[in-house]
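So the chains spell out like this:
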Amino acid sequence: MQCRLSVRELVEFLFQSGDLVYSGQSVERANLGSRIHRMLQSQATGDYQSEVYLKQETIIEDVTFVIDGRADGILKDEHGITIEEIKTTALPHDEINDSCFVHWAQAYCYGYLYAMQHACEQLTIQLTYYQIETKQIFTFQQVKTQEQLTAFYLDCLKQHLRWARLSQNIRIASSTTLKKLTFPFSSYRKGQRQFAVAVYKTILDKQNLFAQAPTGIGKTISTIFPSLKAIGEGKAEKLFYLCAKNITASVAYDTIALLQKQDVSFKTVCITAKDKICLLEERNCDPKVCPYAKGYYDRNKNALYELLSGEDFMNKEVIVHMAKQHDICPFELSLDASLYADVIICDYNYVFDPHVYLKRFFMEKGNYIFLVDEAHNLIDRGREMYSAVLEKEQFLSIRKKIPKDAVLLHKALQAVLSEFAKLKKCCEYSDFFADEEPCLPFLEKLESFSEHCDAYLQSEHEESHDDELKDVYFAVNAYIRIADYYDEHFVTLIQKDANNVIVKQFCMNPRHPLQNIMKKGRSTILFSATLSPIDYYLELLGGDEKTPRLSLPSPFAKQQIKVIINNAISTKYRNRSHSLIAIVEMIHACVLAKAGNYIVFCPSYAYLQQIAEEFANQYPDIAISIQDGNMNDEQKQAYLKQFEEMDGLHVAFCVLGGMFAEGIDLKGDRLIGAIIIGVGLPKLHPQLDLIKAHFDEINQMGYAYAYQFPGMNKVLQAAGRVIRSLSDKGMVAFIDERFTTRFYRNLLPILYAHYEIINEPQRVYTVLSSFWQE
Ligand code: SF4
């Protein structure tokens, strides 16, 4: 059996002890660390090699360890060979010493690997610490013989044996049993086999696939099943099932549970967001506050071993139970367990977001499969993940909270404020200014602020635990990190708002960063019921003309759905008050033909209120419900419960693009009709106008890319709530004069191609009455 690890993974796993590093800081240190590494390496003199790749295979009992890594520096001079390990630190200089064993351990391992490759009898091991605030350098040296280094290294591998065996046993069990996995249903639905085969072939060919798979095909099983088969055949190592919303994750859980009923063995970890799995009333990951972060690394290994030895399906409940037994953070435990899992079910963030992605997997390329569920959501999520914003007021507010004696930090903060003042001048003639270039002087000042703030937060000041200061520190670091991705698809926005100045790096098209992440894996399958027009999704989600794509027909029959378009009503903003009565009459005509549950999807909350009020005035005997703008999970479930009552007539008023317009599955008579008002255009917004201008330059389709395609996606998602199974029957009405223009007709799926244009409420009622009687 083989165990592959980097030197860093090996020593951190074995020797890391103590507390969890609180949120965000570890990533920042890593970024800052690489910059300083490069600087120190470039300053080295003599025969000095930096980033030297070293690798060694060692057999211990039944395990072949393959350990590799890059030594920061190797110096050859008249005294011999020195192996240098560089670390950055914010500790005050009088606290910097040679007591951190995990750092020495890393350097000893590189020393061993080098000594074996070059037959050195003796080496100098050097730890170099760079104090980020004072820029002082501290070095500590130890001389080690090859014999000493060998003894240390072999001891590390022996300590790791049980973990290597555990990992290998998991892998052997999954690969041998998953080969025998069979499709869990007696037959495939229409299109399902084609989809599953396409996914499998994509994985074999190490490609990506964009798949439009309409509701009813069974997307989750069609993607998970071939992926697990590929893992069983040794073609891939891990599957990441990526979700935009909790609701789709629960379908993936059910699918995994169904497959685990077969005689198979594979490990699944579900990663739940920190806020939702946290054991504290109010999350604060600072080890000084959270007892589950305090001493985490002293207790996590036993919990992890017990968890992995006993459980195949590690969902929130299982992880929380184990975490409580060992008094450790459940979120961090789920991340630790994910290293050993065959399947990881998580939010898009953990793969695509540069601020929270699972760097333990994605520092290097891996043999991973990414299944991106409801992939149309990745455009907006991608834009959010790769944009960053800072406001002058944030800095003004923390200025008062930093003690006067923190002189360097005050200076750095003042420099940032001066940059804000300069940027404000860009808005002399309008409140809003956009520049294609990143603002480099601003970035420089932010980097300096970040370094001084880091040092300050590391110091013993009680005030350093001020949450507001930490928030600004994290926001600054997020801004700096996003600057690394800045390319021709970004723009810098400067906005003046009274005394405030807001600066934003806005990612208009996230295709490059998303593409780079996808390259970390073997294959990515992006799928959704609404990926049309495909060129739009390819452009924004990192595909190109060569990327394989698949568009499957709906498994549903056109007889299951009656589609009506009313093109006599204008829902354009300026016409809304005039169209209110006509819309209400149309809704009434649609719902009168058959009692049951209907949803009216409105373009905004304000319009929703007006329409619902008018409807209630006109038809007080009809039960209505209105979506509230800020529903939490419980309220959402309570709202959906109303749809379980199927005898009477109930008209729900919900907002297009909201939580009831996507991801809800009201099968059978729980929902028999949807009435969609407007073409879903988002409100005019300066940022959307920038996207429009950007794409006008690229393909002359700016308005479609910024407004129309995203709007129509919301419309089709909402319409897709009605027919959820082969036995469902229902109606959809589209109300807006634009629906029958060529542009919008081309975007309607084939299932709706038999639509009828009916503008008279009486005739709508007649047509629907006969539809329901068929
Ligand atoms: S238990 Fe909660 S507060 Fe503590 S480390 Fe975990 S997520 Fe943070």
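Under an unreviewed UniProt entry, the name given to the protein is CRISPR-associated exonuclease Cas4, and the organism recorded is Longicatena caecimuris.

1. With respect to the overall build of the protein
A tally of regular secondary structure across the protein gives 27 helices and 25 strands. Scaling as 2.2 N^0.38, a compact globule of 774 residues should have a C-alpha radius of gyration of about 28 Å, and the protein matches this with 29 Å. Projected onto its principal axes, the C-alpha coordinates of the protein cover approximately 95 × 70 × 50 Å. Taking all 774 residues of the protein together, 56% fall into the buried category. Pairs at least 24 residues apart make up 78% of the contacts formed inside the protein by residues separated by at least 6 positions. Total accessible area on the protein is roughly 33700 Å²; 49% of this is exposed by carbon and sulfur atoms. Between the mean site of the 83 positive side-chain charges and the mean site of the 97 negative ones, the protein shows a separation of 5 Å.

2. Considerations on the UniProt feature "domain: Helicase C-terminal" (unreviewed entry) in the protein
The positions UniProt marks with the feature "domain: Helicase C-terminal" (unreviewed entry) are residues 582-766. Annotated as residues 582-766, this span is 42% helix and 16% strand, and its ends, taken at the C-alpha atoms, are 17 Å apart.

3. Digging into helix H17 (residues 440-458)
Between the first and last C-alpha of H17 there are 27 Å, a value that for 19 residues agrees with the 27 Å anticipated at 1.5 Å per step. Turning to H17, its buried residues are Phe442, Leu443, Leu446, Phe449, Ser450, Glu451, His452, Cys453, Asp454, Ala455, Tyr456 and Leu457.

4. Quick look at the site of the ligand
Inspection of the region around the ligand gives Cys278, Leu279, Leu280, Arg283, Asn284, Cys285, Cys290, Tyr292, Ala293 and Cys329 as its neighbouring residues. Tallied by class, residues from the shell around the ligand come to 8 nonpolar, 1 polar and 1 charged.

5. Thoughts on the sheet that holds strand S15 (residues 490-497)
Taken in spatial order, the 4 strands line up as S13-S16-S15-S14 in an open sheet, and their pairing is antiparallel. Across the chains shown, the open sheet's two edge strands, defined by having one partner strand only, are strand S13 (388-391) and strand S14 (432-435). Geometrically, the sheet is characterised by an average inter-axis angle of 15 degrees between neighbouring strands, direction not taken into account. Bridge count for S14 against S15 is 4 bridges, and the pairing is antiparallel. Each residue of the ladder has a partner; that of alanine 434, found in S15, is leucine 493. Relative to the sheet, helix H18 (residues 467-483) contacts S13, S15 and strand S16 (500-507), its axis offset from that of S13 by approximately 135 degrees.

6. Overview of the environment of glutamate 133
Relative to the elements of secondary structure, glutamate 133 occurs in the loop between strand S5 (122-131) and strand S6 (137-145). On the basis of relative accessibility, which here comes to 26%, the residue glutamate 133 falls in the partly exposed class. Sequence separation between glutamate 133 and tyrosine 456 is 323 residues, and the spatial gap between their C-alpha atoms is 8.7 Å. Excluding residues that lie within four positions of it along the chain, glutamate 133 makes contacts with Leu408, His452 and Ala455.

7. Quick notes on the packing of helix H5 (residues 192-204) against helix H6 (residues 219-232)
At a minimum axis separation of 8 Å, H5 and H6 run at an interaxial angle of 40 degrees. You can see that H5 and H6 cross each other, and the crossing is right-handed. Within the contact between the two elements, H5 uses Gln192, Phe195, Ala196, Val199, Tyr200 and Ile203 and H6 uses Lys219, Ile221, Ser222, Thr223, Pro226, Ser227, Lys229 and Ala230. Of the residues that constitute the contact of H5 with H6, the class distribution is 8 nonpolar, 4 polar and 2 charged.

8. Considering unusual backbone geometry
Cis geometry is adopted by the peptide bond preceding proline 533, which originates at serine 532 and carries an omega value of 5 degrees. Tracing the chain through its elements places proline 533 in the loop between strand S17 (523-528) and helix H20 (534-540). Phi is positive for glutamate 61, which is not a glycine, with a value near 50 degrees. In this fold, glutamate 61 is placed in the loop between strand S2 (47-60) and strand S3 (63-77). Despite not being glycine, lysine 206 has its phi angle at roughly 55 degrees, a positive value. Owing to a relative accessible area of 57%, lysine 206 belongs among the exposed residues under this scheme.

9. Some remarks on the pairing of strand S8 (residues 238-243)
With 6 of 6 residues buried, S8 lies mostly within the body of the structure. Burial along S8 is two-sided: Lys238, Phe240 and Leu242 and Leu239, Tyr241 and Cys243, pointing in opposite directions, are all buried. Across 5 bridges, S8 lies against strand S11 (residues 343-347) in parallel orientation. What sits directly across from tyrosine 241, in S11, is isoleucine 345.

10. Examining the pattern of salt bridges
Counted by the stated rule, this structure contains 23 salt bridges. Of the charged contacts in the structure, one is a salt bridge between glutamate 419 and lysine 422, with a shortest N-O distance of 3.2 Å. Within this pair, glutamate 419 and its partner lysine 422 are both found in helix H16 (residues 407-424), separated by 3 residues, close to a single helical turn. Three or more residues joined by partner-sharing salt bridges are found here, namely Glu61, Asp62 and Arg165.

11. Focus: the pairing of strand S1 (residues 2-6)
Here S1 shows a buried face lined by Cys3 and Leu5 and an unburied face lined by Gln2, Arg4 and Ser6. Here S1 pairs with S3 via 5 bridges, running parallel. Opposite glutamine 2, over in S3, you have threonine 64 as the bridge partner.

12. Overview of the nonpolar core
Core analysis: the biggest nonpolar cluster contains 190 residues, and Phe240, Leu333, Phe352, Phe395, Phe442, Phe449 and Phe734 have the highest contact counts within it. For this core, the element with the highest residue contribution is helix H3 (residues 101-118), accounting for 11 residues. Excluding its chain neighbours within four sequence positions, the residues that come into contact with phenylalanine 240 are Ile344, Val351, Leu358, Phe361, Phe362, Tyr368, Ile369, Phe370 and Leu371. By size, the runner-up hydrophobic cluster in this structure holds 37 residues, among which are Ile217, Tyr241, Phe266 and Leu552.

13. Here's the deal with a negative patch on the surface
Taken together, Glu281, Glu282, Asp467 and Asp471 make up a surface patch of like negative charges. Of the residues examined, aspartate 471 reaches a relative accessible area of 49% and is grouped as partly exposed.

14. Re the sheet that holds strand S7 (residues 208-212)
Hydrogen bonds between backbone groups are what pair the strands of a sheet, and the pairing can be parallel or antiparallel. An order of S10-S9-S11-S8-S12-S17-S7-S18 is seen for the 8 strands of this open sheet, with the pairing classed as parallel. Because the sheet does not close on itself, it has two edges, and the strands there are strand S10 (313-314) and strand S18 (549-551). One ladder, built from 5 bridges, connects S8 with strand S12 (residues 368-372); its direction is parallel. In the strand pairing of S12, tyrosine 241 is matched with leucine 371. Most of the contacts of H6 go to S8, to which it runs at about 160 degrees, and overall it touches S8, S11, S12 and S17.

15. Some details on the state of the cysteines
A complete count under the given rule lists 0 disulfides for this structure. Cysteine 285 supplies the cysteine sulfur nearest to cysteine 453, a cysteine that is in no disulfide, at a spacing of 18 Å.

Parameters and conventions
Residues numbered from 1 in each chain as written. Predicted model: local features only at pLDDT ≥ 70, side-chain atom pairs only at ≥ 80, totals over all residues. Heavy atoms only, no water. Helix = DSSP H or I, 4+ residues; strand = E, 2+ residues; numbered from the N terminus. Rg over C-alpha atoms; globule rule 2.2 N^0.38 Å. Buried < 20%, exposed > 50% of the residue type's maximum accessible area, 1.4 Å probe, protein only. Contact = heavy atoms within 4.5 Å. Areas by Shrake-Rupley, 256 points an atom, 1.4 Å probe, with all protein chains shown as cover. Lys, Arg positive; Asp, Glu negative; His and termini not counted. Charge placed at Lys NZ, Arg CZ, Asp CG, Glu CD. UniProt positions renumbered as here; feature names shortened; annotations may be inferred. Expected span 1.5 Å × (residues − 1). Near = heavy atom within 4 Å. Nonpolar A, V, L, I, M, F, W, Y, C, P; charged D, E, K, R; others polar. Pairing = 2+ DSSP bridges. Axes fitted to C-alpha atoms, helices over the stretch in contact; angles between N-to-C directions. Left-handed = near helix turned anticlockwise from the far one by under 90°. Salt bridge = Lys/Arg side-chain N within 4 Å of Asp/Glu carboxyl O. Core = buried A, V, L, I, M, F, W, Y, C linked by side-chain atoms within 4.5 Å. Patch = residues over 30% accessible without salt bridge, like charges linked within 9 Å, V, L, I, M, F, W, Y side chains within 5 Å. Disulfide = S-S within 2.5 Å.

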